[in-house]
Amino acid sequence: GAGVSQSPSNKVTEKGKDVELRCDPISGHTALYWYRQSLGQGLEFLIYFQGNSAPDKSGLPSDRFSAERTGGSVSTLTIQRTQQEDSAVYLCASSRGGETQYFGPGTRLLVL
Amino acid sequence: GQQVMQIPQYQHVQEGEDFTTYCNSSTTLSNIQWYKQRPGGHPVFLIQLVKSGEVKKQKRLTFQFGEAKKNSSLHITATQTTDVGTYFCAGLHSGTYKYIFGTGTRLKVLA
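Reading the values: rules and limits
- Residues numbered from 1 in each chain as written.
- Chains lettered and ligands numbered in written order.
- Predicted model: local features only at pLDDT ≥ 70, side-chain atom pairs only at ≥ 80, totals over all residues.
- Heavy atoms only, no water.
- Disulfide = S-S within 2.5 Å.
- Helix = DSSP H or I, 4+ residues; strand = E, 2+ residues; numbered from the N terminus.
- Buried < 20%, exposed > 50% of the residue type's maximum accessible area, 1.4 Å probe, protein only.
- Salt bridge = Lys/Arg side-chain N within 4 Å of Asp/Glu carboxyl O.
- Phe/Tyr/Trp six-rings, centres within 6.5 Å; stacked < 30°, edge-to-face > 60°.
- Contact = heavy atoms within 4.5 Å.
- Buried area = accessible area lost by both parts, 1.4 Å probe.
- Nonpolar A, V, L, I, M, F, W, Y, C, P; charged D, E, K, R; others polar.

A. Summary view of the state of the cysteines. All names here are of chain A. Evaluated as defined, the whole model comprises two disulfides over all chains. Note that C23 is cross-linked by a disulfide to C92, the S-S spacing being 1.9 Å. With the S-S bond torsion at -65°, the cross-link from C23 to C92 turns out left-handed. Pair noted here: C23 is in strand β3 (residues 19–24) and C92 is in strand β9 (residues 88–95), with a separation of 69 residues, a long-range link. Overall, the relative accessible area of 0% leaves C92 in the buried class.

Okay, here's the thing in C-alpha cells:
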C-alpha cells in the first residue's frame, strides 16, 4: 500500500475487556515498531520487530500486553483485561531497518 | 537506562521569530532523527543525521548533530504559522533498531 495503515482508527472498550490493534506496514519494510502516546505526551516505545522476531520487548508495560507479527508483514498488538490507564493513541511505524520511520494514523483507544 | 531529553517543553513565538529545540542523550547515538507532529496528526519524518558534527538544512530548518553524537538541535528561522506542532528527536543506539524518542517541544506560532 501507499503507507502504513492501522485499524481500528478508534476503539472504545470497557475495563477488563481484551482489545486487538492491527498494523499493516509498508510492503518490504522489515522493521516494525509500536509506540504509545498519551494525550499531550511523547512517544513511549513498546516493542519492535525485525522480520517476525521481536528482539526488544522491553517497552511492554505489563504482561497484559503482547504483540506478534506474521509473514514479515501484519502485526497485532493485544491488550488483555484493559485498564483505564491503557487509554492512549497506539502508533505503529515501519522502516527499512534503522532508517526513516513511517507512521500510521494510530488507533485511539479509550477504556471506560 | 537510555534517555533522550528535549528542551524546551513548550515554546510560544511571534511569527517571524526564530525557534530552537535541543535534544540530549545520556549515551552516544548511532544516528538521530527528527519528526514533526501536527495537532491531531501522527509524527512525520523530517531528517536523519548520522555523522559527528553534521549540519543539514531544509529551507528554513537547520539541523545539527553534536561532535560527541550525544546532542542535536533543530533551528527554525523566521517561523510561520505552518510550523506549529510538536517536534520530536529520536535517537538510535548502537547495535539496535530501537529508537528512543525525546519528550518533544510543542511550538506555537502567534500571528
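B. Representation of the pattern of salt bridges in the model. Taken as a whole and judged by the stated rule, the model has seven salt bridges over all chains. A salt bridge links A:E14 to A:K17; its shortest N-O distance comes to 3.8 Å. The exposure class of A:E14 is exposed, given its relative accessible area of 51%. A salt bridge links B:K56 to B:E54, with the nearest nitrogen and oxygen atoms 3.7 Å apart.

C. Looking closely at the packing of aromatic side chains. Under the counting rule described, the total for this entry stands at 13 aromatic pairs over all chains. Judged by centre distance (5.9 Å) and plane angle (45°), the ring pair of B:F19 and B:Y87 falls under tilted. You can see B:F19 sitting in strand β3 (residues 19–25) and its partner B:Y87 sitting in strand β9 (residues 85–92), a full 68 residues away along the chain. By the burial criterion, B:F19 is buried, and B:Y87 matches it. Clustering of aromatic rings is evident, with ring pairs tying together A:Y33, A:Y35, A:F45, A:Y48, A:F103, B:Y35, B:F45, B:F88, B:Y99 and B:F101.

D. Structural view of the interface of chain B and chain A. Taken residue by residue, the interface counts 18 residues in chain B and 22 residues in chain A. For the pair chain B and chain A, the two sides together bury roughly 1,600 Å², of which 55% comes from carbon and sulfur. Three residues stand out in chain B for area buried against chain A, namely B:Y97, B:K98 and B:F101, and they jointly supply 37% of the buried area on that side. Taking the shortest distance from any N to any O, the salt bridge between A:D56 and B:K98 comes out at 3.7 Å. For the side of chain B that touches chain A, the secondary structure elements donating two or more residues are β4 (31–37), β5 (44–49), β9 and β10 (99–101) of chain B. The greatest single-element share of the side of chain B that touches chain A, amounting to four residues, is contributed by β4(B). Considering only residue class, the side of chain B that touches chain A consists of eight nonpolar, eight polar and two charged.

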